[in-house]
Amino acid sequence: MKTILIALLTGMLVSAAGCEEKETILPPDADRLEGEWQLAEPTSTYVVTLRFTDKKRFVDALKTPVTYQLAGRASVNQYFATASIGAGARYDTESQFSVSTIGATKMAGPPEAMAFETDYFQKLGKVERYELTNRNQLKLYYGGENPGLLVYEKIK
């Protein structure tokens, strides 16, 4: 009996050690967007940030319930825009998202940094939806000819 109990406990410990926390997509909660995020994917040598501030709610929650001021640092310049977040009455795992025209400071940098920044601004400007995960990640899905994903991790 003692041998069986030890074998069961050992098996449970081994399987628990091998378990990795699975990512869960959470229902869209615009309040969780507030704060500062850092670009994690695509990986780059540049520190790229995205900050959500100055939330405003509108009366018609079915059309555009929340807008935020966006700001951050790309590879060379500081940037700013407005994000409109819709689908306020939905309780699934994704929500509509759109970004206004992006403005930025006009500093020059190395050609590769400027190319990265231009590409980043184009992707950010085409974001159509977002997801928040239990791993404190924000996923922004962009459309266009080459749709893809920007993944951020919360830093503040």
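To be clear, the structure that these remarks concern was listed above.
A short tour of the structure in this document, coming up. Bear in mind that the values here come from a model prediction, so they are computed numbers and not experimental data.

**Some words on the overall build of the chain**
Inference 1: Helix and strand counts for the chain stand at two helices and ten strands.
Inference 2: Helices (α) and strands (β) of the chain occur, in sequence order from the N terminus, as α-β-β-β-β-β-β-β-α-β-β-β.
Inference 3: Per-residue burial for the chain yields a buried fraction of 34% across its 156 residues.
Inference 4: Contacts spanning at least 24 positions in sequence make up 52% of the contacts within the chain whose residues lie at least 6 apart.
Inference 5: Accessible area for the chain stands at about 9,500 Å²; split by element, carbon and sulfur atoms hold 58% of it.

**A look at the side chain of E131**
Inference 1: Assignment of secondary structure puts E131 in strand 8 (residues 127–133).
Inference 2: One polar contact links E131 to R129, side chain to side chain, over a distance of 3.2 Å.
Inference 3: Looking at E131, its side chain comes within polar contact range of the side chain of Y141, at 2.9 Å.

**Structural notes on the packing of aromatic side chains**
Inference 1: If you walk through the whole model with that rule in mind, you get seven aromatic pairs.
Inference 2: Ring plane angle 65 degrees and centroid distance 5.8 Å describe the contact between F97 and Y130, whose orientation is recorded as edge-to-face. Here Y130 lies in strand 8 and F97 lies in strand 6 (residues 95–99), a separation of 33 residues in the sequence. Here F97 and Y130 have matching classes, each one buried.
Inference 3: Taking 6.0 Å as the distance between ring centres and 50 degrees as the angle between the ring planes, the aromatic pair formed by Y120 and F121 counts as tilted. Neither residue differs from the other here; Y120 and F121 are each classed as buried.
Inference 4: Put simply, the rings of F52, Y68, F97 and Y130 touch in pairs and so form one group of aromatic residues.
Inference 5: Between R129 and the ring centre of Y141, over which it is positioned, the NZ or CZ distance is 3.8 Å.

**Focus: the nonpolar core**
Inference 1: The biggest cluster of nonpolar side chains holds 29 residues, and the ones touching the most others in it are L50, F52, F97, Y120, L138, L140 and Y152.
Inference 2: Among all residues touching L138, those that are not within four sequence positions of it are L33, W37, L50, F52, Y130, E131, L132, L150, V151 and Y152.

**A look at the pattern of salt bridges**
Inference 1: For the structure on display, the rule yields two salt bridges.
Inference 2: D119 is the partner of K123 in a salt bridge, and the nearest nitrogen-oxygen pair spans 2.9 Å. Of this pair, K123 and D119 are both found in helix 2 (residues 111–125), four residues apart, which corresponds to roughly one turn of the helix.
Inference 3: Given a relative accessible area of 34%, D119 falls into the partly exposed group.
Inference 4: The closest approach of N and O atoms between R129 and E131, which form a salt bridge, is 3.2 Å.

**Section: helix 2**
Inference 1: When the terminal C-alpha atoms of helix 2 are compared, their 21 Å separation across 15 residues agrees well with the 21 Å that a helix rising 1.5 Å per residue should span.
Inference 2: Residues of helix 2 that are buried: A113, F116, E117, Y120, F121, K123 and L124. Summarising the axial view, the buried residues of helix 2 lie within an arc of 165 degrees, below the 170-degree limit, and thus occupy one face.

**A few points about unusual backbone geometry**
Inference 1: Cis rather than trans, the peptide bond between E41 and P42 has omega equal to 0 degrees.
Inference 2: Note on placement: P42 falls in the loop between strand 2 (35–41) and strand 3 (49–57).
Inference 3: Even without being a glycine, N136 presents a positive backbone phi close to 60 degrees.
Inference 4: Mapped onto the fold, N136 is located in the loop between strand 8 and strand 9 (137–142).
Inference 5: According to the relative accessible area criterion, N136 is partly exposed, its value standing at 38%.

Definitions and limits used
- Residues numbered from 1 in each chain as written.
- Predicted model: local features only at pLDDT ≥ 70, side-chain atom pairs only at ≥ 80, totals over all residues.
- Heavy atoms only, no water.
- Helix = DSSP H or I, 4+ residues; strand = E, 2+ residues; numbered from the N terminus.
- Buried < 20%, exposed > 50% of the residue type's maximum accessible area, 1.4 Å probe, protein only.
- Contact = heavy atoms within 4.5 Å.
- Areas by Shrake-Rupley, 256 points an atom, 1.4 Å probe, with all protein chains shown as cover.
- Polar contact = N/O pair within 3.5 Å; in protein donor to acceptor, adjacent residues only side chain to side chain.
- Phe/Tyr/Trp six-rings, centres within 6.5 Å; stacked < 30°, edge-to-face > 60°.
- Lys NZ or Arg CZ within 6 Å of the ring centre and 35° of its normal.
- Core = buried A, V, L, I, M, F, W, Y, C linked by side-chain atoms within 4.5 Å.
- Salt bridge = Lys/Arg side-chain N within 4 Å of Asp/Glu carboxyl O.
- Expected span 1.5 Å × (residues − 1).
- Arc of directions from axis to C-beta.

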